[in-house]
Amino acid sequence: MEKCQTIGVQQVFIGICMSAPRNLLVARHATALPQHASGRDFDRELSMEGRKEAARGARWLATTCPKLPRIVASPARRTRETLEGLLGDWVGSPVVEWD
């Protein structure tokens, strides 16, 4: 098993990536704003720094785990926004399961 580098985006990538034949990537959302006007944690959005982290993560992800057939992610706003940043220019279309 090969440990993946964190590319200085520890908020986003905190897990491991397993060598072929399968990849397992455990990720955390990028840096989010401390609160939302609704007061609900679920509604918190990414900060500007979080958007930059997701973009850096996308470059890393494209070279490290080029094929992710399935993604399971929280439907929280900050997680959706992180995933949008990570998959922005992704070639292919992984199945995303919001759980």
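Scoring rules and cut-offs
Residues numbered from 1 in each chain as written. Predicted model: local features only at pLDDT ≥ 70, side-chain atom pairs only at ≥ 80, totals over all residues. Heavy atoms only, no water. Helix = DSSP H or I, 4+ residues; strand = E, 2+ residues; numbered from the N terminus. Buried < 20%, exposed > 50% of the residue type's maximum accessible area, 1.4 Å probe, protein only. Contact = heavy atoms within 4.5 Å. Areas by Shrake-Rupley, 256 points an atom, 1.4 Å probe, with all protein chains shown as cover. Pairing = 2+ DSSP bridges. Right-handed = clockwise from strand over helix to strand, strands pointing away. pLDDT = per-residue confidence, 0-100.

J.: Quick question: what am I supposed to make of the overall build of the protein here?
T.: Of regular secondary structure, the protein possesses two helices and two strands. Helices and strands appear in the protein in the N-to-C order α-β-α-β. Looking at the protein as a whole, 33% of its 99 residues qualify as buried. Intrachain contacts of the protein at a sequence separation of at least 6 include 55% that bridge at least 24 residues. Total accessible area on the protein is roughly 6,500 Å²; 53% of this is exposed by carbon and sulfur atoms.

J.: Whenever I open this one, the environment of valine 72 confuses me. Can you help?
T.: In this fold, valine 72 is placed in strand S1 (residues 70–73). Put simply, valine 72 and aspartate 99 are 27 residues apart on the chain and 6.6 Å apart in space, counted from C-alpha to C-alpha. Once you skip the residues sitting within four places of it in the chain, valine 72 turns out to touch Glu97 and Asp99.

J.: Honestly, the pairing of strand S2 (residues 95–98) in this entry has me stumped. Any pointers?
T.: In regular strands, side chains alternate between the two faces of the sheet. Relative to S2, S1 is paired through four bridges, and the arrangement is parallel. In the sheet register, alanine 73 faces S2, and the bridge partner there is tryptophan 98. For the handedness criterion, the β-α-β arrangement of S1, helix H2 (residues 77–86) and S2 is classed as right-handed.

J.: Explanation requested: the confidence of the model for the protein in the structure shown.
T.: If pLDDT is low for a region, its predicted coordinates should not be looked at in detail. Mean pLDDT over the protein: 77, with 77% of residues reaching 70 or higher. A low-confidence stretch, residues 1–19 stays under pLDDT 50, and its non-local contacts, those more than four residues away or across chains, total 44 contacts.

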